[in-house]
Amino acid sequence: MRNTVRRGYVLYALVVAFVCGLVFLMYSYAVNGEVWVTKRVNNHLYTNRQLTTAGSVFDRNGKALVESDDDGRSFINDVTLRKATLHTVGDIQGYIATGVQTIYRPYLIGYDFVNGVYKAVKDGTGNDITLTIDSDICKAAYNALGYNNGTVGVYNYKTGEVICMVSKPTYDPENKPDDINTDTSGKYDGIYLNRLLSGVFTPGSVFKTVVAISAIENIDNISERTFKCTGKYKTEDGTVICNATHGKLSFEKAYNKSCNSVFAQLANELGKKKLTATAEKLGFNSSLSACGVNLSKSLFNVKGADKNELGWAGIGQHTVLANPCHLMMLTGAIANGGNAVTPKIVRNSTSEKLSELLGNISPLAQISIDTETASQMKKIMRSTVKNYYGDSRFPGLEMCGKTGTAEVDGKRPHAWFMGFSQKENFPYAIVVMVENGGSASSVAIPVANKVLQAIKSAG
Ligand SMILES: [Zn+2]
């Protein structure tokens, strides 16, 4: 009798354990099912650990950039288009972490909780994604960069749609180099990195825009002040060298001519606290997101800086680092009356779940500029192009902008341009960063113009 009771207890315990296990399994399946089923060991969807069966990715004009057929995944039949859109579309192995094929993989495959991958396996298709990019404009940007590495990003600063996103070095996903993971010459350095979203670089003089905004907001009558450039800015800790001896000049002219002496002085006059507060309000030192991913963080840290170093930080040197997409957003915010619209890369999708997810993203981003400040900044950026670079370098675009030639240790400087058209019917902001490209004026401006003219011609 006692044995029977004991067996009864054991049986109860087993039943309870079984039910607990079942509940745990159901719970885990509900939470993790999507991840488990889209893992690379699932042979229904992957061959040799590569994505094979999934929906198509189109550009904004309906060109299929990648699709599934009997041979697996096929990229568009144009080698330059493949290279130019690789970092946006993503590879099939998933090395390019921010590629659409990687970040939206479950939606492309067509996984859902009730049917699993039933639809994808049965029909051989998942869900399609249409991107905001124009692949021909990406190709124009790729060609404009020539032999240089770097990145170009263009977006509509009113709608947030990214028209162009290119990152170099890149490769042809249909003919991936055999030595890509073993080469030690450096030619493939950071090849899987989308430099627009995941790179950070010394900004140089484009950072003067941040200092200018801080000066507009913190220094009374800044526009009436007169400064003097003797070719350098001297402090007890050292000297910041200017690119010329500019003599007497106003705040606006100092920005126009990119005078290092004045901006090093302004950084010191503003002081670490105010300048850091402005930089942080404009998105430095914080995790911004755009295009479905978290951007690499732009950094501004002058805590330990002496006066000389603070001066160098004021001209975008010292330890300042900027993410190109972040600077594109900042440019767009100035263009759009202070409101930064979050850049987006997906136009629509046949996946209801993805559409719902994208619909929940707040369109207004994480940085903001006072309307009056944005308007003053826009005026100064316009006079910089009109009176100093020359409108002839951007025919018919009414551009506002700023170049930056950022010094880096032991290599040629990075050539930057950030700017936007102020034309009501051409609301595009652009960032160009040519890695170790040399002079911004002779390298970055022509790239920016070629890309924007291609957009203009495409209508
Ligand atoms: Zn100067």
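What counts, and at which threshold
Sequence order as written defines the numbering, with residues in each chain counted from 1. At least 70 in pLDDT is required for a residue's local features to be given in this predicted model, at least 80 for side-chain atom pairs to be given and counted, and no such filter applies to totals for whole chains, interfaces and linings, which use all residues. Water and hydrogen atoms play no part in the side-chain values, which are based on all heavy atoms of the structure. Numbering of helices and strands runs from the N terminus; a helix is a DSSP stretch of H or I covering at least four residues, while a strand is a stretch of E covering at least two. Any residue under 20% of the maximum accessible area for its type is buried, any over 50% is exposed, and the rest in between are partly exposed; the area is computed with a 1.4 Å probe on protein chains only. When checking whether two residues touch, look at their non-hydrogen atoms; a contact exists if any pair is within 4.5 Å. Residue exposure ignores everything except the shown protein chains as possible cover, and the areas themselves are Shrake-Rupley values with a 1.4 Å probe. Between the N-to-C directions of two axes lies an angle of 0 to 180 degrees, each axis being a line fitted to C-alpha atoms and, for a helix, fitted only over the stretch in contact. We call two directions roughly parallel when the angle between them is under 35 degrees, roughly antiparallel when it is over 145, roughly perpendicular when it lies between 65 and 115, and oblique otherwise. Multiply 1.5 Å by the residue count of a helix minus one, and that product is the helix's expected span. The term nonpolar core refers to a set of buried residues drawn from Ala, Val, Leu, Ile, Met, Phe, Trp, Tyr and Cys, joined through side-chain atoms within 4.5 Å. These domain limits were set by an automatic method or by a database of domain assignments. At least two bridges found by DSSP between two strands are what make those strands a pair. Only nitrogen, oxygen and sulfur atoms count as donors, using a 2.8 Å cut-off from the metal that widens to 3.2 Å for Na, K and Ca. Water is left out, so coordination shells may look unfilled. Site shape is set this way: if four donors have all angles between 85 and 135 degrees, tetrahedral; if opposite donors are over 155 degrees apart and all others between 65 and 115, square planar for four donors and octahedral for six; otherwise irregular. Pairing of aromatic side chains here covers Phe, Tyr and the six-membered ring of Trp, requires ring centres within 6.5 Å, and sorts the geometry by plane angle: under 30 degrees stacked, over 60 edge-to-face, intermediate tilted. Any Lys or Arg side-chain nitrogen found within 4 Å of a carboxyl oxygen on Asp or Glu counts as a salt bridge.

J.: Help me understand the overall build of the protein chain, please; the structure alone is not making it clear to me.
T.: If you tally the helices and strands in the protein chain, you get 15 helices and 20 strands. Buried residues in the protein chain amount to 54% of all 459 residues. Nonlocal contacts in the protein chain, meaning residues at least 24 apart in sequence, comprise 67% of its contacts between residues at least 6 apart. Surface summary for the protein chain: the accessible area is close to 20500 Å², and the carbon and sulfur share equals 51%.

J.: Sorry, what's going on with the packing of helix α10 (residues 260-281) against helix α11 (residues 307-314) here?
T.: Between two packed helices, both the angle of their axes relative to each other and the distance between the axes serve to describe the pair. It is at 8 Å that the axes of α10 and α11 come closest, and there the two elements cross at 100°. Between α10 and α11, the crossing angle belongs to the class labelled roughly perpendicular. When α10 is examined against α11, the residues Phe 263, Ala 264, Ala 267, Asn 268, Gly 271, Lys 272 and Leu 275 are found in contact with a partner set consisting of Lys 307, Leu 310, Gly 311 and Gly 314.

J.: Would you take a moment to explain helix α15 (residues 440-458) for this structure?
T.: Its 19 residues place the ends of α15 26 Å apart at the C-alpha level, agreeing with the 27 Å of an ideal helix rising 1.5 Å per residue. Restricting attention to buried positions, one finds in α15 the residues Ala 440, Val 443, Ala 444, Ile 445, Val 447, Ala 448, Asn 449, Val 451, Leu 452, Gln 453 and Ile 455. At the C-terminal side of α15, Gly 459 shows a positive phi close to 70°.

J.: Explain the nonpolar core to me, please; I cannot follow it from the model alone.
T.: Counting residues in hydrophobic clusters, the biggest one holds 127 residues, and the most contacted among them are Leu 131, Val 152, Phe 251, Leu 266, Phe 417 and Ile 430. Residue contributions to this core reach at least three from each of two domains, namely domain 2 (46-132) and domain 3 (138-176 + 189-349 + 362-458). One finds Leu 86, Tyr 171, Tyr 188 and Tyr 192 within the second-largest nonpolar core, a separate group that totals 7 residues.

J.: I keep staring at the sheet that holds strand β3 (residues 57-58) and nothing clicks. Help me out?
T.: If you trace the 5 strands from one edge of the open sheet to the other, you get β5-β4-β3-β6-β16, paired in mixed fashion. Strand pairing shows two members of the sheet lacking a second neighbour, β5 (72-75) and β16 (346-349), which therefore form its edges. Where strand β6 (residues 129-131) and β16 come together, 3 bridges link them in antiparallel fashion. Directly across from Thr 130, in β16, lies its bridge partner Asn 348.

J.: Help me out: how do you make sense of the coordination of the zinc ion in this one?
T.: Geometry reference: four tetrahedral donors at a metal, ideal angle 109.5 degrees. Six octahedral donors, ideal angles 90 or 180 degrees. Of the protein atoms, only Cys 229 (SG), Cys 242 (SG), His 246 (ND1) and Cys 259 (SG) coordinate the zinc ion, at distances of 2.1 to 2.3 Å. One way to put it: the 4 donor atoms around the zinc ion meet at angles of 103 to 117°, and that makes the site tetrahedral. Expressed as a motif, the donor residue spacing for the zinc ion is C-x12-C-x3-H-x12-C. Highlighted residues: Cys 229 in strand β9 (residues 226-229) and His 246 in the loop between β11 (238-241) and β12 (247-250), separated in sequence by 17 residues.

J.: So what exactly am I meant to see when it comes to the sheet that holds strand β20 (residues 428-435) here?
T.: In a beta sheet, neighbouring strands pair by backbone hydrogen bonds and run either parallel or antiparallel. If you trace the 5 strands from one edge of the open sheet to the other, you get β8-β7-β20-β19-β18, paired in antiparallel fashion. Whereas interior strands pair on both sides, the edge strands pair on one side only; in this sheet they are β8 (162-168) and β18 (399-408). In this sheet, adjacent strand axes meet at a mean angle of 10° when their direction is disregarded.

J.: Could you clarify how one ought to interpret the packing of aromatic side chains in this entry?
T.: Aromatic ring pairs are described here by two measures, namely the spacing of the ring centres and the angle between the planes. Evaluation of the coordinates by the stated rule reveals 10 aromatic pairs. Centroid distance Tyr 157 to Phe 420: 6.1 Å. Interplanar angle 80°. Geometry classified as edge-to-face. A residue pair is termed long-range when its members are at least 10 positions apart, and Tyr 157 in the loop between β7 (149-156) and β8 and Phe 420 in strand β19 (residues 411-421) qualify at 263 residues. Residue class for Tyr 157 comes out buried when judged on its relative accessible area of 4%. For Phe 420, a relative accessible area of 0% corresponds to the buried category. Judged by centre distance (4.9 Å) and plane angle (70°), the ring pair of Phe 426 and Tyr 428 falls under edge-to-face. With relative accessibility at 16%, the residue Tyr 428 sits in the buried group. One aromatic cluster is present, formed by Tyr 95, Tyr 171 and Tyr 192 through successive ring pairs.

J.: Explanation requested: unusual backbone geometry in the structure shown.
T.: Note: most residues except glycine have negative phi, and most peptide bonds are trans. The residue after Lys 168, namely Pro 169, is reached through a cis peptide bond having omega 10°. Topologically, Pro 169 is positioned in the loop between β8 and α7 (195-198). Positive phi is not limited to glycine here, since Ser 258 has a value of about 55°. Even without glycine at this site, Asn 436 takes up a positive phi of about 50°. Along the chain, Asn 436 turns up in the loop between β20 and α15.

J.: What is the right way to read the pattern of salt bridges from this model?
T.: Close approach of charged atoms lets side chains of opposite charge pair. Following the criterion strictly, the structure yields 13 salt bridges and no others. Taking the shortest distance from any N to any O, the salt bridge between Glu 217 and Lys 281 comes out at 3.1 Å. With Glu 217 in helix α8 (residues 208-218) and Lys 281 in helix α10, the pair connects residues that are 64 residues apart, well separated along the chain. Of the residues examined, Glu 217 reaches a relative accessible area of 30% and is grouped as partly exposed. For Lys 281, a relative accessible area of 38% corresponds to the partly exposed category.

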